[in-house]
Amino acid sequence: MTAPTGDVVERAAAGFTDQYDARPTGLWAAPGRVNLIGEHTDYNDGFVLPFALPMRTVVAADRRDDEHWTVWSELSGETITFATDDVAEPGRVTGWGAYVAGVVWALRDAGHAVPGARLAIASDVPLGAGLSSSAALESAVLAALLDLGGLELPAEGQPRLAQRAENVYVGAPTGIMDQSAVIRCRAGHALFLDCRDESVEHIPFDPDAAGLTVLVIDSHAPHRHADGEYAARRRSCEAAAKALGVPALRDVTVDELDAALARLDDAETRRRVRHVVTEDQRVLDTVALLRADRVRDIGPLLTASHVSMRDDFEITVPEIDTAVEAALSAGALGARMTGGGFGGCVLALVETDGVEAVADAVRTAYADRNYTAPTATPVLPSPGATRLR
Ligand code: GLA
């Protein structure tokens, strides 16, 4: 299928009119996200530092008088309809519709009177690239349904609800980072989130002003066993916390790390723990540097995060490591995989006048290895979910 052209907002609005022969009551958008640093720390009650992308998912919608939800997706070209029976319990709607039905289910499960609705969805967030297309979809649908129904749910409570849609209805055991980023991020800032109490601080992050560019390099590598491996990493972290007698790995500091590792007999578990504990510290160090307006200096932390994911958490793949190495050898200040792993994207912090050199180096390294050609896109920290009109 060829990529749709034209503005995503207009595509959603026009799709609504084509499908339903009516004008939507409103349009709502939610972005994808990239995580600057802090990977696989969210479900360990730790720290993350994502920012929202300019690419977004847009929902055009109106209310229906009955309790049915009709949803058209530009991407699949399909229209699906589900009713209250389908959201009485998790899992009854499958495929992409599960992310929409999951939000209806989670709202109803939390006691909200969700209005029936007609929705049309278009998106610029690449699928399966580790940029949270699923959180963008859930969060845009959630924003639309809250507004259409006049339902009260403060922004701080929305990520948990969208996460329940994904964890319980869809059945993916992900943490709280993606939905928090998509809903709570602000333009020009990274979101410093404490995943234990969900407190946030908006950290100014303006690479452009420092003459820098964040490049998001999509490896186009197929996700290999991503779901099973993600769940396995999560289980091993939880088992390690239990063995160490702490509520979560967040409760082990870098100063306590050696002593903690000495209490674990399994080498693989020790590597997993070392990643999570050092990664939490790298988030804190990155935040401290950004607060001190030392954006350039975060480069080595990004690269150290990558090495930790590659060697200790073992969630990278050759295409991803190749992109990181090529970017660094062409002068990137730092580079790392972003997202859950086993494919997806790399982010590189690059001097703006060196962007082409870095993008070329990655393309050449891919061509030399016969990998599918990567894409490199400069991105700026963008706004979180919002009503457009
Ligand atoms: C995926 C999950 C997040 C987080 C990241 C890894 O994006 O959805 O909750 O665990 O992986 O940092």
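Residues numbered from 1 in each chain as written. Predicted model: local features only at pLDDT ≥ 70, side-chain atom pairs only at ≥ 80, totals over all residues. Heavy atoms only, no water.

1. Some remarks on the pairing of strand 7 (residues 189-194)
- Of all six residues in strand 7, five are buried; the element is thus mostly enclosed.
- Connecting strand 7 to the next strand, strand 8 (residues 200-204), in antiparallel fashion are five residues, including Glu 198 with a positive phi near 60°. (Buried < 20%, exposed > 50% of the residue type's maximum accessible area, 1.4 Å probe, protein only. Helix = DSSP H or I, 4+ residues; strand = E, 2+ residues; numbered from the N terminus. Pairing = 2+ DSSP bridges.)

2. Concerning the pattern of salt bridges
- Overall, the coordinates contain 29 salt bridges when judged by the stated rule.
- Between Arg 272 and Glu 268 there is a salt bridge, with the nearest N and O atoms lying 3.7 Å from each other. Separated by four residues within a single helix, Arg 272 and Glu 268 lie in helix 8 (residues 267-291), roughly one turn from each other.
- Here Arg 272 falls in the buried class, since its relative accessible area comes to 5%.
- Judged by relative accessible area, Glu 268 falls into the partly exposed class, the value being 38%. (Salt bridge = Lys/Arg side-chain N within 4 Å of Asp/Glu carboxyl O.)

3. Topic: the domain arrangement of the protein chain
- Assigned domains of the protein chain: these are domain 1 (8-204 + 383-387) and domain 2 (207-379).
- Between domain 1 and domain 2, the residue contacts involve 35 residues of the former and 42 residues of the latter.
- Taking both partners together, domain 1 and domain 2 bury about 3100 Å²; carbon and sulfur atoms supply 65% of that area.
- In this assembly, domain 1 and domain 2 are joined by four salt bridges.
- The closest approach of N and O atoms between Asp 251 and Arg 196, which form a salt bridge, is 2.7 Å.
- On the surface where domain 1 and domain 2 come into contact, there are 18 residue pairs in polar contact (both at pLDDT 80 or more).
- Mapped onto the side of domain 1 that touches domain 2, the elements with two or more residues apiece are strand 1 (26-35), strand 2 (47-48), strand 3 (50-63), strand 7 and strand 8.
- If you tally residues by element for the side of domain 1 that touches domain 2, the top one is strand 3, at four residues.
- Taken together, the residues that form the side of domain 1 that touches domain 2 break down as 18 nonpolar, 10 polar and seven charged. (Domains from an automatic or database assignment. Contact = heavy atoms within 4.5 Å. Buried area = accessible area lost by both parts, 1.4 Å probe. Polar contact = N/O pair within 3.5 Å; in protein donor to acceptor, adjacent residues only side chain to side chain. Nonpolar A, V, L, I, M, F, W, Y, C, P; charged D, E, K, R; others polar.)

4. Quick look at the sheet that holds strand 7
- The three strands are arranged 2-7-8 in an open sheet whose pairing can be described as antiparallel. Strands with a single pairing partner mark the edges of an open sheet, and in this sheet they are strand 2 and strand 8.
- Direction of pairing for strand 2 relative to strand 7: antiparallel, over a ladder of two bridges. Looking across to strand 7, one finds that Val 48 is bridged to Leu 193.
- In the packing of helix 5 (residues 177-184) onto the sheet, the strands contacted are strand 2, strand 7 and strand 8, and the crossing angle to strand 7 comes to about 140°. (Axes fitted to C-alpha atoms, helices over the stretch in contact; angles between N-to-C directions.)

5. So, the sheet that holds strand 9 (residues 212-218)
- If you trace the four strands from one edge of the open sheet to the other, you get 10-11-9-12, paired in antiparallel fashion. Looking at the sheet topology across the chains shown, the edges are occupied by strand 10 (334-338) and strand 12 (375-379). Strand-to-strand twist in this sheet, taken as the mean axis angle between neighbours without regard to direction, amounts to 25°.
- Packed onto the sheet, helix 9 (residues 299-311) meets strand 10 and strand 11 (345-351) and runs at close to 45° relative to strand 10.
- Together, strand 9, strand 10 and strand 11 form the strand contacts of helix 10 (residues 318-329), whose direction differs from that of strand 10 by roughly 165°.

6. Examining the site of the ligand
- Near the ligand, the surroundings consist of Arg 33, Glu 39, His 40, Asp 42, Tyr 43, Thr 174, Gly 175, Met 177, Asp 178, Tyr 230, Gly 339 and Gly 340.
- Contact distances for the ligand include 2.5 Å between an oxygen atom and a side-chain N or O atom of Asp 42.
- Between the ligand and Gly 175, the relevant distance is 2.8 Å, taken from an oxygen atom to a main-chain nitrogen or oxygen of the residue.
- Across the complex, the protein chains shield 93% of the 310 Å² of accessible surface that the ligand would expose by itself.
- Under a 2 Å grid-point criterion requiring more than half of the atoms, the pocket assigned to the ligand is the largest pocket.
- Residue composition of the shell around the ligand, by class: three nonpolar, five polar and four charged.
- Split by domain, the residues of the shell around the ligand number at least three in each of domain 1 (8-204 + 383-387) and domain 2 (207-379). (Near = heavy atom within 4 Å. Areas by Shrake-Rupley, 256 points an atom, 1.4 Å probe, with all protein chains shown as cover. 1 Å grid on protein atoms, 1.4 Å probe; cavity = no way out; pocket = protein on both sides within 12 Å on 5 of 7 lines; lining within 4 Å. Sits in = over half its atoms within 2 Å of the grid points.)

7. Re the side chain of Arg 336
- Tracing the chain through its elements places Arg 336 in strand 10.
- Overall, Arg 336 belongs to the buried group, its relative accessible area being 0%.
- A polar atom in the side chain of Arg 336 sits 2.7 Å from the side chain of Glu 39.

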